[in-house]
Amino acid sequence: MKHEGTIVEIRDETPRVKTFKVQWPGIDELKFEPGQFFMVGIPHFVNDSGIMVRRAYSIANAPEDKGFVEFTITNKGTNGLSSEFHKAKVGDKVICDGPAGVFALKNPLRNNITFIAAGSGISSLRSMYRHIALNRFQGNMHLVFGFHAPEDYIFKDELFQMQRKMPTFNVIPAITTNDAAWTGKKGRVTEILPSLFGKVDDRDFYLCGSPQMVNDTIQVLLAMGALRHNIHREVW
């Protein structure tokens, strides 16, 4: 279903990433599954044929976060839609068509769940782990999150607070640069995964990142002993 929404809040997550909170009349009745997306456009941003440019953006909030949807968007430094979004202001209109997509949590939930994200791929996983946390999940949940440099740590403060409130939620951030001040993991997620987990055949994995990252991560997980039907993925 197509909606004309209004940007009601813009949050700076990192120097290149912003979260846009959007509302429209009747949004309180919106139903979606964590992991789904909307096709989103800005009315005045059109292609050479005069057709509005649209792109799939994951819903970054949980279904329990009523009255709005959020899209976390990276400015890629081009003249595309993501850069146009970063010029937007509170009060600007956006067109949202959806929700859509089959990337979703598998029910019933396993007692061991691991989310693996690279860069802005964390946005769709945020909807999932927030949903699980808000429903007081009693199992063990890990988030392995890879990004370039410390300043690229999306949702850093929120994740810190979630870990404090939910002792079974373990966030493992990793950077790919050699920053002497960084005391956490260093390397790509595919490089650090084998050292993080022992038994993995009883664990569900949810992956989101570039096609190369997702494919490489699947191969590493399979080599570690993960079961193929327990690996669920989304690419951007």
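Just above sits the structure.
Structure report, in brief.

Definitions and limits used
- Residues numbered from 1 in each chain as written.
- Predicted model: local features only at pLDDT ≥ 70, side-chain atom pairs only at ≥ 80, totals over all residues.
- Heavy atoms only, no water.
- Buried < 20%, exposed > 50% of the residue type's maximum accessible area, 1.4 Å probe, protein only.
- Helix = DSSP H or I, 4+ residues; strand = E, 2+ residues; numbered from the N terminus.
- Expected span 1.5 Å × (residues − 1).
- Arc of directions from axis to C-beta.
- Axes fitted to C-alpha atoms, helices over the stretch in contact; angles between N-to-C directions.
- Parallel < 35°, antiparallel > 145°, perpendicular 65-115°, else oblique.
- Left-handed = near helix turned anticlockwise from the far one by under 90°.
- Contact = heavy atoms within 4.5 Å.
- Nonpolar A, V, L, I, M, F, W, Y, C, P; charged D, E, K, R; others polar.
- Pairing = 2+ DSSP bridges.

1. Here we look at the pairing of strand 5 (residues 69–74)
Phase 1: Within strand 5, 6 of the 6 residues are buried, leaving the element largely enclosed by the surrounding structure.
Phase 2: A two-sided burial pattern is seen for strand 5, the buried positions comprising Val69, Phe71 and Ile73 on one face and Glu70, Thr72 and Thr74 on the other.

2. Examining helix 5 (residues 211–224)
Phase 1: For helix 5, with 14 residues, the first-to-last C-alpha span of 20 Å sits near the 20 Å given by 1.5 Å per residue.
Phase 2: Every buried residue belonging to helix 5 is among Met213, Val214, Thr217, Ile218, Val220, Leu221 and Met224, and all of these are buried. One face of helix 5 carries all of its buried residues, which in axial projection span an arc of 170°. With respect to the buried face of helix 5, the exposed residues turned more than 90 degrees away are Gln212, Gln219 and Ala223.
Phase 3: Looking one or two residues past helix 5, glycine 225 carries a phi angle of roughly 110°, positive in sign.

3. Topic: the packing of helix 2 (residues 122–134) against helix 3 (residues 156–165)
Phase 1: Closest axis-to-axis distance for the helix 2/helix 3 pair is 13 Å, and the angle between their directions is 25°. The angle between helix 2 and helix 3 falls in the class roughly parallel. Considering the relative orientation of helix 2 and helix 3, their crossing is left-handed. Counted together, Ile122, Arg126, Tyr129, Arg130 and Ala133 of helix 2 and Glu158, Leu159 and Met162 of helix 3 form the full contact between these two elements.
Phase 2: Taken together, the residues of the contact of helix 2 with helix 3 sort by class into 5 nonpolar, no polar and 3 charged.

4. Overview of the pairing of strand 3 (residues 37–46)
Phase 1: Bridge count for strand 3 against strand 4 (residues 52–58) is 6 bridges, and the pairing is antiparallel. Its bridge partner being in strand 4, glycine 41 is matched across the sheet by arginine 54.
Phase 2: The antiparallel hairpin formed by strand 3 and strand 4 contains 5 residues in its connecting segment, where glycine 50 sits at a positive phi of about 80°.
Phase 3: Strand direction decides the pairing type here: strand 3 and strand 6 (residues 93–100), joined by 4 bridges, are antiparallel. Bridging from a neighbouring strand, methionine 39 pairs with aspartate 97 of strand 6.

Interpretation note: all reported values are geometric properties and have no functional meaning in isolation.
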